[in-house]
Amino acid sequence: MDCKEMILSEDTYDIITDFSASEFLGDDNNCYERIGEDFLILYLANLGIRNPKIDFFPYHNMPKLYGLMQLSPSGETPPGAAPFDPASLIASGITQVQRPPLSLTGQGVILCFIDTGIDYQNPVFLDENGNSRVLAIWDQTVQTGAPPDGLKYGSEYRREDINLALRSEDPYSIVPSRDENGHGSILAGVAAGSIVRQGSPYIGAAPGADIVVVKLKECKQYLRSFYLVPEGVPAYQENDIMAGIQYLVELANRLQLPLVLCLALGSNQGDHMGYTPLDISLQNLGTVPGIASVTAAGNEAGKAHHYFGSITGNTESASVEILVPDGCKGFFVELWCFPPELFSVGFRSPSGEVIPRVPARLGQMQSIPFFLDRTRIELYYEVVQSTSGSQLIFLRFVAPTPGIWTIQVYASGNSRSEFHLWLPISGFISTNVTFLTPDSYTTITAPGNSVYVITAGAYDAYSKSIYLNSSRGYRRNLRVKPDLCAPGVNVTGPGARDRYIQRDGTSAAAALTAGSCALLMEWGRNLPVPRYLSTYEMKNLLIRGAARNQDLFYPNREWGYGTLDVYQVFRAISTT
């Protein structure tokens, strides 16, 4: 197979590693891509192994799977209706800065989306002359066109290709990129859409910005099987997202334009402190002038997928109970904790079968059968995780018997020891697999725990209340997240067939925040001495302008530093 075939093949494994891992590169396994300054993505023959073993491919090197921070439907309007409700834009201070004297629209800024694609024919993505506002699309799922420079798969389409397609009787014969899901198109519309049409106006946060889109390919089947993600649920590999970020940065550099990245994907995998490979890739961009990264906080607060516990002394243990319904084929759990204590686990099945404490040993992988329940648990101990320094216990439940499963958690020290467990995000796990005593805090999804991204939670612009499922902070090491909250309830975006739809969730909040960043980026770029804002600078400007309730203390786990208010940013920085 050539390199492109290896990248796309189900018969190869994708490995994320650093440049020092030359031992992976053999004569027959030399397909790789460089991602930034820190990572290589290797594509290796699977040697006939249909299910990867985590002891052969260490946890840090296996791509994590990310899902859509799905916008749950809250309404749809018929064609021709006047759907646009500016409440979210007004509450965010966006409408005020779009008007004179500031008159900011995001012009001269690229708004970028790594998601499910874009409906490039939708009128909200066209200018007044009917030309596309989409600068480029890299569709990782289409292999008939030329890939971007420096990358080996997918097809890139530039604005001239898209305009040609728009004038064609069969646009998809020229640009065959579609958004079958609709999630990416809604995000782009909320952040950058614009249309003025009699009876049906629509405007997004940054209607003057250019748009660039990366449509992600679905994850490989071996990863879906290993992580036990149900079929049909959109799931995307960490390394494809990282490649998308590299493509966007190189494109912006080539065009010499600032960019704002909107990343409305999330995962419950990882250390929840910002040390996954994707986190590190974003961290490396955090202080780069002219680049701002925005991500959704996640919709996990009310899903009972997080457990927080503690143990005092090495003579007791903590019982963590998981409810498993009928029909669940399997799931995984990650337990994370800090040194110096060394944690270990035992198990009790719904039928009462007990597996005593399994001592923790470096790199130990053990398959534990349950004879009464016909269930298997695969247990992996990573005593010192390579990037965060924390301990990881990875548990994979295969064909679990319905009922209450108990994980017995032990610690080796004599002091009070804290630990966290996470189930996969909603959609990646059977409905109603939950912790019986969950904790709604520390539920920010990756990459929202990275210091150098702007992490947006969601709230209702009408009731001024937090969105029920908006993920709560803080990070596992108690650093502040989310950074702020933006409207994420009944937010209007473009749908199919000239319809507009209303959606709830932190995806919508991230789109509004990204559009706001494009407005601030335009402002900085147009100063007498142009100033290209970095993510870190942008975040601190938004924090200074955030609206805060005088009855609450800030920062806090629900709201971060307050609610998005772009207009107040300008008032804050003009106050002497």
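Residues numbered from 1 in each chain as written. Predicted model: local features only at pLDDT ≥ 70, side-chain atom pairs only at ≥ 80, totals over all residues. Heavy atoms only, no water.

J.: Any chance you could explain the packing of helix H9 (residues 506-525) against helix H11 (residues 566-574) here in plain terms?
T.: Each pair of packed helices can be described by the angle between their axes along with the distance between the axes. Two elements in contact, H9 and H11, have axes whose closest approach is 10 Å; the angle formed by their N-to-C orientations is 35°. Here Ser516, Leu520 and Trp523 of H9 come into contact with H11, specifically with Val566, Val569, Phe570 and Ile573. Split by residue class, the contact of H9 with H11 holds six nonpolar, one polar and no charged. (Axes fitted to C-alpha atoms, helices over the stretch in contact; angles between N-to-C directions. Helix = DSSP H or I, 4+ residues; strand = E, 2+ residues; numbered from the N terminus. Contact = heavy atoms within 4.5 Å. Nonpolar A, V, L, I, M, F, W, Y, C, P; charged D, E, K, R; others polar.)

J.: Just to check I follow, could you spell out the sheet that holds strand S14 (residues 265-266) for this structure?
T.: Two modes of strand pairing occur in sheets, parallel and antiparallel, and in both the strands are linked by backbone hydrogen bonds. Read across the sheet, three strands follow the order S12-S4-S14 without closing on themselves; strand pairing throughout is antiparallel. The sheet is open, and its two borders are formed by strand S12 (236-237) and S14, each paired with just one other strand. Of the pairings in the sheet, the one linking strand S4 (residues 65-68) to S14 comprises two bridges and is antiparallel in character. Looking at the pairing, Gly67 lines up with Gly266 of S14. (Pairing = 2+ DSSP bridges.)

J.: It is not clear to me how the environment of His60 should be interpreted in this structure. Could you clarify?
T.: You can see His60 is positioned in the loop between strand S3 (39-45) and S4. A C-alpha to C-alpha distance of 44 Å links His60 and Pro86, two positions 26 residues apart in sequence. Beyond its immediate stretch of four places on either side in the chain, His60 contacts Ile16, Tyr275, Pro277, Gln385, Ser386 and Thr387.

J.: Hey, could you run me through the packing of aromatic side chains in this one?
T.: The geometry of two aromatic rings is summed up by the distance between their centres and the angle between their planes. By the definition in use, this model includes 21 aromatic pairs. On the basis of an interplanar angle of 85° and a centroid distance of 6.4 Å, the ring pair of Phe347 and Phe397 is categorised as edge-to-face. Of this pair, Phe347 sits in strand S19 (residues 343-348) while Phe397 sits in strand S23 (residues 391-398), placing them 50 residues apart in sequence. Residue Phe347 shares its accessibility class with Phe397, and that shared class is buried. Taking the centre distance of 5.4 Å and the plane angle of 45° together, the rings of Tyr452 and Tyr536 count as tilted. Of this pair, Tyr452 sits in the loop between strand S26 (434-435) and strand S27 (454-459) while Tyr536 sits in helix H10 (residues 535-545); the two residues are 84 residues apart in sequence, bridging distant segments of the chain. Residue Tyr452 is classed as partly exposed on the basis of its relative accessible area of 23%. The exposure class assigned to Tyr536 is partly exposed, which follows from its relative accessible area of 39%. An aromatic cluster is present here, built from Tyr59, Phe226, Tyr227, Phe332, Trp336 and Phe394 joined pairwise through their rings. Lying across the ring of Phe338, Arg476 places its NZ or CZ 4.4 Å from the centre. (Phe/Tyr/Trp six-rings, centres within 6.5 Å; stacked < 30°, edge-to-face > 60°. Buried < 20%, exposed > 50% of the residue type's maximum accessible area, 1.4 Å probe, protein only. Lys NZ or Arg CZ within 6 Å of the ring centre and 35° of its normal.)

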